[in-house]
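Here's the letter readout for the chains.
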Amino acid sequence: MKKFSLLLNVILIGVIAYGGYKFLIQGSVKATDDGRTAIMLTADERDHILGDMRGFLETVQGITEALGQGDLKTVADLGTAAGSAAVEAAPAALIGKLPLDFKTLGMDTHGLFDDLAKTATESGDVAKTTAALGDLMLNCTGCHAGYRFDVEGAGK
Ligand code: HEC
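Residues numbered from 1 in each chain as written. Predicted model: local features only at pLDDT ≥ 70, side-chain atom pairs only at ≥ 80, totals over all residues. Heavy atoms only, no water.

(A) Structural view of helix 3 (residues 72–82). Along helix 3, the positions that sit buried rather than exposed are L72, V75, A76, G79 and A82. In a view along the axis of helix 3, the buried residues occupy a sector of 135°, so they form one face of it. Pointing more than 90 degrees away from the buried face of helix 3 are the exposed residues K73 and A81. Where the residues of helix 3 are buried, they touch helix 2 (43–68), helix 5 (100–123) and helix 6 (126–146). (Buried < 20%, exposed > 50% of the residue type's maximum accessible area, 1.4 Å probe, protein only. Helix = DSSP H or I, 4+ residues; strand = E, 2+ residues; numbered from the N terminus. Arc of directions from axis to C-beta. Contact = heavy atoms within 4.5 Å.)

This is the structure in structure tokens:
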């Protein structure tokens, strides 16, 4: 009986550890033939994140235009708006599908928009702020090189 309950405990701990690994670290992913990792989402989840992405691009467009005009106040305002203030609580189901690396990179990107706003305000220097935008965009290009979204059950 003792041996049995020990075995049961080991199995249980294994199941919990596996569940935690799947939920927090691995996410719901599939290998693809274009070299990126596909994150499997429902169509709604994908549409929601892609909407956020288009928001990112609009922010980067606005920041670039303002940099060209030397308008660092607008740069700081746009950066702050896309910073940690813009982070909304995602539904648990979606959090469970996103790999840890993806979540970390996403959160870091919002933090870098805060930093960009700070650089614009504190340095008042267009070249320095442009360099910070270039660095920030390494997060965009890095993540895009590694991941894509596929819709669950769409037969891909
Ligand atoms: C944590 C990962 C990650 C980061 C960081 C990220 N993206 Fe994305 N983005 C994606 C993925 C994944 C897609 C979907 C690509 C696919 O399915 O082919 C995407 C798609 C997009 C799209 C297409 C939207 C559409 O409607 O199809 C745009 C535009 C975009 N991203 C802009 C940006 C910009 C600008 C940044 C940086 C400020 C950024 N993204 C940062 C992961 C990321």
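Let us keep going from here.
(B) Looking closely at the coordination of the iron atom of the ligand. Here the iron atom of the ligand is held by M53 (SD) and H144 (NE2), and the distances to it run 2.0 to 2.2 Å. Of note is the iron atom of the ligand, whose 6 donor atoms meet at the metal with angles of 87 to 179° in an arrangement that counts as octahedral. One end of the pair, M53, is in helix 2; the other, H144, is in helix 6, with 91 residues separating them in the sequence. Judged by relative accessible area, H144 falls into the partly exposed class, the value being 47%. (Donors = N, O, S within 2.8 Å, 3.2 Å for Na, K, Ca; no water. Tetrahedral: all angles 85-135°; square planar, octahedral: opposite > 155°, others 65-115°.)

(C) Focus on the packing of helix 2 against helix 6. Between helix 2 and helix 6, the shortest axis-to-axis distance is 11 Å and the interhelical angle comes to 160°. Classified by the angle their axes make, helix 2 and helix 6 are roughly antiparallel. Crossing hand, helix 2 versus helix 6: left-handed. Contact with helix 2, carried on its side by M53, V60, I63, T64 and L67, involves V126, T129, T130, L133, M137 and H144 of helix 6 and no other residues of that element. Taken together, the residues of the contact of helix 2 with helix 6 sort by class into 7 nonpolar, 4 polar and no charged. (Axes fitted to C-alpha atoms, helices over the stretch in contact; angles between N-to-C directions. Parallel < 35°, antiparallel > 145°, perpendicular 65-115°, else oblique. Left-handed = near helix turned anticlockwise from the far one by under 90°. Nonpolar A, V, L, I, M, F, W, Y, C, P; charged D, E, K, R; others polar.)

(D) The pattern of salt bridges, seen in detail. On inspection of all chains with the given rule, the structure shows 7 salt bridges. Close ionic contact of D34 with R36 constitutes a salt bridge, the shortest N to O distance being 2.9 Å. Owing to a relative accessible area of 38%, D34 belongs among the partly exposed residues under this scheme. The closest approach of N and O atoms between E45 and K97, which form a salt bridge, is 2.8 Å. On the criterion of sequence distance, the pair formed by E45 in helix 2 and K97 in helix 4 (residues 92–97) is long-range, its members being 52 residues apart. We classify E45 as buried; its relative accessible area is 13%. Among the charged side chains, a network of salt bridges with common partners joins D34, R36, R148 and D150. (Salt bridge = Lys/Arg side-chain N within 4 Å of Asp/Glu carboxyl O.)

(E) Structural view of the nonpolar core. Formed by 15 residues in total, the largest nonpolar core has its most connected members in I63, L67, V75, F113 and L116. For this core, the secondary-structure elements that each account for two or more residues are helix 2, helix 3, helix 5 and helix 6. Counting residues per element, this core draws most heavily on helix 2, which supplies 5 residues. Grouped together as the second largest cluster of nonpolar side chains are 9 residues, I39, I49, L98 and C143 included. (Core = buried A, V, L, I, M, F, W, Y, C linked by side-chain atoms within 4.5 Å.)

(F) Examining the packing of aromatic side chains more closely. Across all of its chains, the model carries 3 aromatic pairs by this definition. Here F102 and Y147 contribute two aromatic rings whose centre-to-centre distance is 5.4 Å and whose plane-to-plane angle is 85°, an arrangement assigned as edge-to-face. Remark: Y147 occurs in strand 3 (residues 147–151) and F102 occurs in helix 5; sequence separation between them is 45 residues. Residue classification places F102 among the buried positions, given a relative accessible area of 10%. (Phe/Tyr/Trp six-rings, centres within 6.5 Å; stacked < 30°, edge-to-face > 60°.)

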